[in-house]
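Here are the chains, one letter per residue:
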Amino acid sequence: MILVTGGAGFIGGNFVLDWLNQSNEAIINLDKLTYAGNLDTLISLKDDPRHRFIRGDIGDRELIGRLLVEFKPRAVVNFAAESHVDRSIHGPSEFIQTNIVGTFNLLEAVRDYWNGLPAREREAFRFLHVSTDEVYGTLEPTDHPFSETTAYRPNSPYSASKAASDHLVRAWHHTYGLPVLTTNCSNNYGPYHFPEKLIPLVILNALAEKPLPIYGDGQQIRDWLFVKDHCSALRRILEAGTTGETYNVGGWNEKANLDVVRAICALLDELKPRADGRPYAEQITFVTDRPGHDRRYAIDARKLERELGWKPADTFETGLRKTVMWYLANARWVQNVTSGAYLDWVQIQYGEQS
Ligand code: NAD
Ligand code: DAU
């Protein structure tokens, strides 16, 4: 079996569902259930003996140690993190606590367990740390996309905390020999995405006849990857990646934010036209920019393709259509999410504009 942390969040939840769709290997899913953790995402696994959920903190070394000894996983996949840049600007403390101190405690618990394994199991064990392209900072329009050798230049409290966690993981390999793999992925989107992030926020605001907030001039560029492609990359890296290596994961889908929002509006115009027949794009509103907003991210994913033969299955167009259709078809999940703590956050972030 494997131990997944943060498996009630957006990517972790998709990973758990995909994993159990493709294999019978059981998962221990440890998640603190912060505002971003949502057990509704895992409801289809309610009676599935292959999935065991445990509420807990990656910073709780004693708990992690007990779980490792009891369940003896062959791998740990670490998704658990505070993940929203805007929240990190309003209050960085939780980001330092979970992303840095939490990762440190998790690494120590895993190192202790790994040290006690018999030689063959020690050899086969893997610690996969899921990280982000934001650690590389920002690109100029003509710069080459981020490669695995690009220098770390994080610009937000979130990306700085993720960069710190990547460094810890690297050091635990270099110093203690822990068999780690690190991935740096671009922006994900898809089902079960919490609506504080651009794509789900815009879909749900559009349907609720609310403004679609574009930060600054909307010309910031992100490189979008359908979440199921991220999951397939992680499975492949866990299976065949070289320990101590990092792998950039991306879909070669650079888009300006304004174009992403317009594409969502066009899909909604087609799939669920507004009652008054007007285009959803009329709801687009330009709002104050994010402080320190990174202008452009882009991932060079050639190493992963060359060495492990991974390629994304979805284009931005097919993935975005699937995503919009998923939100239209899953009103119950949406309703539960939007009635919770999310509303308080909307008030803090957007105030009167919401
Ligand atoms: P998310 O915010 O949706 O989910 C994070 C999950 O971690 C939640 O279920 C939360 O309850 C849990 N969690 C938070 N603190 C915890 C703690 N101390 N102990 C245990 N669980 C805790 O995030 P996501 O978008 O699914 O991102 C998952 C990982 O992937 C993060 O490490 C993030 O940095 C990375 N990542 C995200 C993206 C993206 O576009 N979303 C892209 C690249 C990398
Ligand atoms: O690049 C990977 C990262 O992508 C992950 O590491 C993060 O966890 C994830 O949250 C995401 O970070 P971003 O800041 O790029 O994602 P977000 O959805 O918050 O914003 C995407 C872009 O849209 C960004 O340029 C800011 C802009 N934006 C966002 C929101 C929420 C808006 O213009 N309006 C908004 O209301």
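Everything that follows concerns the structure shown earlier in this document.
Predicted model, so just to flag it, every value in this text is computed and none were measured. (Residues numbered from 1 in each chain as written. Chains lettered and ligands numbered in written order. Predicted model: local features only at pLDDT ≥ 70, side-chain atom pairs only at ≥ 80, totals over all residues. Heavy atoms only, no water.)

Asker: Hey, could you run me through the site of ligand 1 in this one?
Answerer: Among the 28 residues in the neighbourhood of ligand 1, the closest are listed as I11, D31, S83, Y158 and K162. Take V130: an N or O atom from its main chain is 3.4 Å from an oxygen atom of ligand 1. Within the side chain of K162, one N or O atom sits 2.6 Å away from an oxygen atom of ligand 1. Starting from 840 Å² of accessible surface for ligand 1 in isolation, the protein chains cover 96%. Broken down by secondary-structure element, the contributors of at least two residues to the shell around ligand 1 are helix 1 (10–22), strand 5 (126–132), helix 6 (157–176) and strand 7 (187–189). Sorting elements by how many residues they give to the shell around ligand 1 places strand 5 first, with three residues. Its residues assigned to classes, the shell around ligand 1 shows 12 nonpolar, 12 polar and four charged. (Near = heavy atom within 4 Å. Polar contact = N/O pair within 3.5 Å; in protein donor to acceptor, adjacent residues only side chain to side chain. Areas by Shrake-Rupley, 256 points an atom, 1.4 Å probe, with all protein chains shown as cover. Helix = DSSP H or I, 4+ residues; strand = E, 2+ residues; numbered from the N terminus. Nonpolar A, V, L, I, M, F, W, Y, C, P; charged D, E, K, R; others polar.)

Asker: Honestly, the nonpolar core in this entry has me stumped. Any pointers?
Answerer: One recurring pattern in soluble globular proteins is that nonpolar side chains are buried together. Counting residues in hydrophobic clusters, the biggest one holds 60 residues, and the most contacted among them are F15, V77 and I199. A total of seven residues in this core trace back to one element, the largest contributor, which is helix 9 (residues 257–271). Aside from chain neighbours lying at most four places away, what touches I199 is Y189, W224, V260, I264, F316, L320 and T323. In this structure, I28, L106, L178 and V180 belong to the second largest nonpolar core, which totals 25 residues. (Core = buried A, V, L, I, M, F, W, Y, C linked by side-chain atoms within 4.5 Å. Buried < 20%, exposed > 50% of the residue type's maximum accessible area, 1.4 Å probe, protein only. Contact = heavy atoms within 4.5 Å.)

Asker: Would you explain the side chain of T132 in this entry?
Answerer: Checked against the element boundaries, T132 lands in strand 5. Since its relative accessible area comes to 7%, T132 is described here as buried. From its side chain, T132 meets the backbone nitrogen of E134 in a polar contact 3.0 Å long. Residues within four places of T132 in sequence aside, it is in contact with Y158, K162, T183, N184 and C185.

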